[in-house]
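Each chain, written out:
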Number of protein chains: 2
Amino acid sequence: MKQSIKPRPDLKKLEEGILKGDRVILGQAITLIESNLDTDQTAASVLLERILPFTGNSIRIGITGVPGVGKSTFIESFGKYITGQGKTLAVLTIDPTSPLTKGSILGDKTRMEVLSKDPRAFIRPTASSLTMGGVANKTREALLLCEAAGFNVIIVETVGVGQSEISVKNMVDFFLLLALAGAGDELQGMKKGILEIADALLVTKSDGDNIKASREAQAMYQQSFHVLPEQPSGWRPVALTSSALTGEGIEEVWKMISNFSRLVKESGYFAQNRNHQTISWFREYFKLLMESDLQKSKTVQLKRENLEQELVRLSIPPQEAARQLLDVYHQAIRESAT
Amino acid sequence: MKQSIKPRPDLKKLEEGILKGDRVILGQAITLIESNLDTDQTAASVLLERILPFTGNSIRIGITGVPGVGKSTFIESFGKYITGQGKTLAVLTIDPTSPLTKGSILGDKTRMEVLSKDPRAFIRPTASSLTMGGVANKTREALLLCEAAGFNVIIVETVGVGQSEISVKNMVDFFLLLALAGAGDELQGMKKGILEIADALLVTKSDGDNIKASREAQAMYQQSFHVLPEQPSGWRPVALTSSALTGEGIEEVWKMISNFSRLVKESGYFAQNRNHQTISWFREYFKLLMESDLQKSKTVQLKRENLEQELVRLSIPPQEAARQLLDVYHQAIRESAT
């Protein structure tokens, strides 16, 4: 462990570097917020508070899909298109199924070979915090750092098989779901409700022999969207096809997102949604803090385990069990004060 | 207010009456659990604890759909079919859109005219508690009372436009969604994700000129089910049609539910799901208790409001805001002890 010789992070330098758009310093700052050391967390908290006024000025796009759907390939083409328009792009990738290792960082960099050499692009895998209920909160903070560094577009990529999609949906303006044409079970293995939180679905690999099947899948998804309730944004989700090979559909995705962005900014939904997201992150953090607060007390944990056993044996009603647990929790807080 | 002259509930009499299946006493017991008086709540808690060992022996069916879909008409036909098989049936209805009044009780009774005269059936509107976050917890307790009274089948009916569907899904074994044939927007206005929690969808009013459209809607819903992920029960949701007029499809619904019930009992999912539901009610109650505990303290409430304003102004990060709120909450608990 190198912790003892680790120097205190120079917050002033980090802050200035981020605001100047220095990528090396941005990378260091993301590493700092990902650290689980208490001293680093305190520093990260101060840093976030300082850069917060400079956040909010990007379009945030969430992209998800099962492994093999072609997320990296799509992000390569899509990202090149975006930087080709003169915009800067940050790509944050979350892989909740594998812990963050040097190997996976290299893996990710090579996955987007062209984009990773693009001076207008910044690619970074982010750790999904295991300590805080698996929620991708560190990713949200990395997103804020990228915004403060001045990126115009931020893509958050996640594998659509875990628990991170809802968190990602709740940190982006537009949520894009990728799917393959197939035998009707394309979303098999994805989290329930994934279609309902998507602003658009893109059928990938629509080229060669696969074009017909892709168009059919597109039509089927469009119909599925049709039976879903209207989105709070008023936006009607769209199903599209694309091919990273032929470049088909790439420009359309960007046009669609720009169109969406214009519409929701005009309607006021854009700002309203971001405020709503911020408050909900706060509530989520608070719930997680309360949960870890409950877990800190052995007495509370023991009581909870006992109550759950009694509940399954039908020897106590849930409401009474909840009351007893709250009493024990209060007691634990009072005792911790003395 | 008649509270001062209200006699203490005779718990022994209530308990014995319920276990004997006395409907008048069952009705009184449901009124007791619905009462918001502190003394009644304490009594209700004791009563629930006593009858709990006698619960669990019914098939619990949740039924939902938008107003006008024909829920009452379907339950009339379906209920008559069930009692015709020699089984007893309790129907609990929740209408979260209107407060519980004498008028709505009468309204409900007349809505199911035939069934309400059936000696094997018991129909009862239940209050959705407004104090506890609008969750239909009183309905769940009424369901337990009905089980202790020996009913073989319990139907919980709710309007699919509010927040009660998830609660209902979480108290039943089988969740049936009713829909009308229409222009593709049939589920418009329903809660998001409703299709994904349904074990079956029934297209109602499939008679006369409407048969063709109903069959088409059935096929469309069957396809929508197809793209959804597999249910944890392993059950593949089914789309059916029915007509309360011609009686078509009524028997099929019962056969499907019996089939489902047999399958999940064999696989062990039935018991596992009920345990899971009990634990999740407990956790839900506990969350609500914590929430009302937070609201009891004015200091905590004020702090929360201030923090939310700061959050929207981007002057504090969510994680830091959560930490500050927890500190204030702890302080409030300690002070309440002294």
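Look above for the structure.
All residue numbers refer to positions counted from 1 along the written sequence of the respective chain. Lettering of chains starts at A and numbering of ligands starts at 1, both following the order in which they are written. Whole-chain, interface and lining totals are the exception, using all residues; otherwise, since this is a predicted model, local features are given only for residues with pLDDT of at least 70 and side-chain atom pairs are given and counted only at 80 or more. In computing side-chain properties, one takes all heavy atoms of the structure into account and sets aside hydrogens as well as water.

J.: Give a description of the overall build of chain A that names residues and reports values.
T.: Counting from the N terminus, the helices are DSSP H or I runs at least four residues long and the strands are E runs at least two residues long. A tally of regular secondary structure across chain A gives 14 helices and seven strands. The burial tally for chain A puts 55% of its 338 residues in the buried class. Relative accessibility decides the category of a residue: with a 1.4 Å probe and only protein chains considered, values under 20% of the type maximum give buried, values over 50% give exposed, and everything between is partly exposed.

J.: Break down the pattern of salt bridges for me, with residues and values.
T.: All names here are of chain B. Salt bridges are counted wherever a side-chain nitrogen of Lys or Arg sits within 4 Å of a carboxyl oxygen of Asp or Glu. In this structure the tally under the stated criterion is 27 salt bridges over all chains. Ionic pairing is found between R50 and E15, a salt bridge with its closest N-O pair at 3.4 Å. Pair noted here: R50 is in helix 3 (residues 38–51) and E15 is in helix 1 (residues 11–20), with a separation of 35 residues, a long-range link. A residue is classified by how much of its surface remains accessible, and R50, at 34% relative accessible area, is partly exposed. E15 sits in the buried class, given a relative accessible area of 12%. The partner of R323 in a salt bridge is E320, and the shortest N-O contact between them spans 3.0 Å. With a gap of three residues between them, R323 and E320 both fall in helix 14 (residues 318–337), about one helical turn apart. Accessibility expressed as a relative area gives 30% for R323, which makes it partly exposed.

J.: Tell me about the packing of helix 12 (residues 269–296) of chain B against helix 13 (residues 298–312) of chain B, residues and numbers included.
T.: Residue and element names in this part refer to chain B. Remark: helix 12 packs on helix 13, axes separated minimally by 5 Å, with the N-to-C direction vectors making an angle of 95°. Overall, the two elements helix 12 and helix 13 adopt an arrangement that is roughly perpendicular. Only K298, V300, Q301 and R304 of helix 13 make contact with helix 12, whose side of the interface consists of E291, L294, Q295 and K296. The classification used treats Ala, Val, Leu, Ile, Met, Phe, Trp, Tyr, Cys and Pro as nonpolar, Asp, Glu, Lys and Arg as charged, and all other residues, Gly among them, as polar. Classifying every residue of the contact of helix 12 with helix 13 gives two nonpolar, two polar and four charged. Under this scheme, a helix contributes an axis fitted over its contacting stretch, all axes are lines through C-alpha atoms, and angles between N-to-C directions fall in the 0 to 180 degree range. Any angle between 65 and 115 degrees counts as roughly perpendicular, while under 35 counts as roughly parallel, over 145 as roughly antiparallel, and the rest as oblique. Throughout, a residue-residue contact means that at least one pair of heavy atoms, one from each residue, lies within 4.5 Å.

J.: Residues and numbers for the side chain of Q277 of chain B, please.
T.: Looking at the secondary structure, you find Q277 of chain B in helix 12. The contact partners of Q277 of chain B, leaving out residues within four places of it in the chain, are R60, K169, N170, M171 and V172 of chain B.

J.: Describe the nonpolar core, listing the residues and the values that go with them.
T.: Judged by nonpolar contacts, the single largest core of 138 residues is most densely connected at L145, Y221 and Y329 of chain A together with L145 and Y329 of chain B. Leave out the neighbours within four places in its chain, and Y329 of chain B touches M290, L326, Y329 and H330 of chain A together with M290, D293, L294 and V300 of chain B. By nonpolar core is meant a set of buried Ala, Val, Leu, Ile, Met, Phe, Trp, Tyr and Cys residues that side-chain atoms within 4.5 Å join together. Ranked by size, the runner-up nonpolar core spans 34 residues in total, among them L115, I123, W254 and V264 of chain A.

J.: Which residues make up the sheet that holds strand 4 (residues 153–159) of chain A, and what are the values?
T.: As a general point, the strands of a sheet are linked pairwise by backbone hydrogen bonds and lie either parallel or antiparallel. Residues and elements named next belong to chain A. Strand order in the open sheet formed by seven strands is 3-2-4-1-5-6-7, with parallel pairing between adjacent strands. Because the sheet does not close on itself, it has two edges, and the strands there are strand 3 (121–126) and strand 7 (238–241). Strand-to-strand twist in this sheet, taken as the mean axis angle between neighbours without regard to direction, amounts to 20°. Whether two strands pair depends on DSSP finding at least two bridges between them.

J.: Let's hear about the relation of the copies chain B and chain A: which residues, and what values?
T.: Least squares is used to superpose the copies, and the fit set is the C-alpha atoms of residues whose pLDDT is at least 70 in both copies. Least-squares fitting of chain B to chain A yields an RMSD of 0.0 Å, with the superposition described by an axial translation of 0.0 Å and a rotation of 180°. This pairing of chains is accounted for by a two-fold axis. Comparing interface residues between copies, 100% of those in chain B also sit at the interface in chain A, which points to an isologous, same-surface contact.

J.: Tell me what's going on with the pairing of strand 4 of chain A, and back it up with residues and numbers.
T.: Residue and element names in this part refer to chain A. When you tally the buried positions in strand 4, you get seven out of seven residues, the bulk of the element. Two elements, strand 2 (residues 89–94) and strand 4, share six bridges in a ladder whose sense is parallel. Note on strand 4: the bridge partner recorded for I94 is T158.

J.: Tell me about the interface of chain B and chain A, and please be specific about residues and values.
T.: Of the residues lining the interface, 66 residues belong to chain B; the matching set on chain A comes to 68 residues. Throughout, buried area stands for the accessible area (probe radius 1.4 Å) lost by two parts on being put together, summed over both. Around 6,000 Å² of area is buried between chain B and chain A when both sides are counted, 64% of it from carbon and sulfur atoms. The tally of links between chain B and chain A comes to two salt bridges. Here R283 of chain B makes a salt bridge to E308 of chain A, at a shortest N to O gap of 3.0 Å. Whenever a nitrogen or oxygen atom comes within 3.5 Å of another N or O atom, the pair is scored as a polar contact, on the condition that within protein one atom can donate a hydrogen and the other can accept it, and that pairs from neighbouring residues in sequence are kept only if both atoms are in side chains. Summed over the shared surface of chain B and chain A, the result is six residue pairs in polar contact (both at pLDDT 80 or more). Breaking the side of chain B that touches chain A down by element, the ones donating at least two residues are helix 3, helix 7 (137–148), helix 9 (194–197), helix 10 (211–227), helix 12, helix 13 and helix 14 of chain B. With 14 residues, helix 14 of chain B is the single largest residue contributor to the side of chain B that touches chain A. Looking at the side of chain B that touches chain A, its residues break down into 35 nonpolar, 15 polar and 16 charged.

J.: Residue-level account of the pairing of strand 3 of chain A, with values.
T.: With six of six residues buried, strand 3 of chain A is to be regarded as a mostly interior element. The alternating pattern of strand 3 of chain A places A121, I123 and P125 of chain A and F122, R124 and T126 of chain A on opposite faces, both of which are buried.

J.: So what about the packing of helix 3 (residues 38–51) of chain A against helix 7 (residues 137–148) of chain A? Which residues, and what values?
T.: Packed helix pairs are specified by the crossing angle of their axes together with the interaxial distance, meaning the distance between the axes. Residue and element names in this part refer to chain A. It is at 10 Å that the axes of helix 3 and helix 7 come closest, and there the two elements cross at 45°. When the axes of helix 3 and helix 7 are compared, the pair comes out oblique. Viewed along their axes, helix 3 and helix 7 form a crossing whose handedness is left-handed. For the pair helix 3 and helix 7, the contacting residues are Q41, L47, L48 and I51 in the first and K138, E141, L144, L145 and A148 in the second. By the definition used in this description, the sense in which the near helix is turned from the far one sets the handedness, with an anticlockwise turn below a right angle giving left-handed and a clockwise turn giving right-handed.

J.: For unusual backbone geometry, give the residues involved together with the corresponding values.
T.: Residue and element names in this part refer to chain A. In the Ramachandran plot, K205 falls in the positive-phi region, its phi being about 55° despite a non-glycine side chain. By secondary structure assignment, the location of K205 is in the loop between strand 6 (200–203) and helix 10 (211–227). You can call K205 partly exposed: its relative accessible area is 38%. Located in the positive-phi region is L314, a residue other than glycine, with phi close to 60°. Tracing the backbone through its elements, the reader meets L314 in the loop between helix 13 (298–312) and helix 14 (318–337).

J.: Residues and numbers for the packing of aromatic side chains, please.
T.: Pairs were defined over the aromatic rings of Phe, Tyr and Trp, the Trp ring being its six-membered one, requiring ring centres within 6.5 Å. Orientation was assigned from the angle between planes: stacked under 30 degrees, edge-to-face over 60, tilted for the rest. One pass over the full model with this rule turns up 15 aromatic pairs over all chains. Arranged with centres 6.2 Å apart and planes meeting at 70°, the rings of F174 of chain B and W235 of chain B form a pair that is edge-to-face. Residue F174 of chain B is found in strand 5 (residues 174–179), and its partner W235 of chain B is found in the loop between helix 10 and strand 7 (238–241); the two are separated by 61 residues along the sequence. Pair check on accessibility: F174 of chain B and W235 of chain B agree, each one buried. One aromatic cluster is present, built from ring pairs that chain together F74, F78 and W254 of chain A. We count a charge as sitting over a ring when the NZ of a lysine or the CZ of an arginine lies within 6 Å of the ring centre and within 35 degrees of the ring normal. We note K265 of chain A situated over the ring of F270 of chain A; from NZ or CZ to the ring centre the distance is 4.7 Å.

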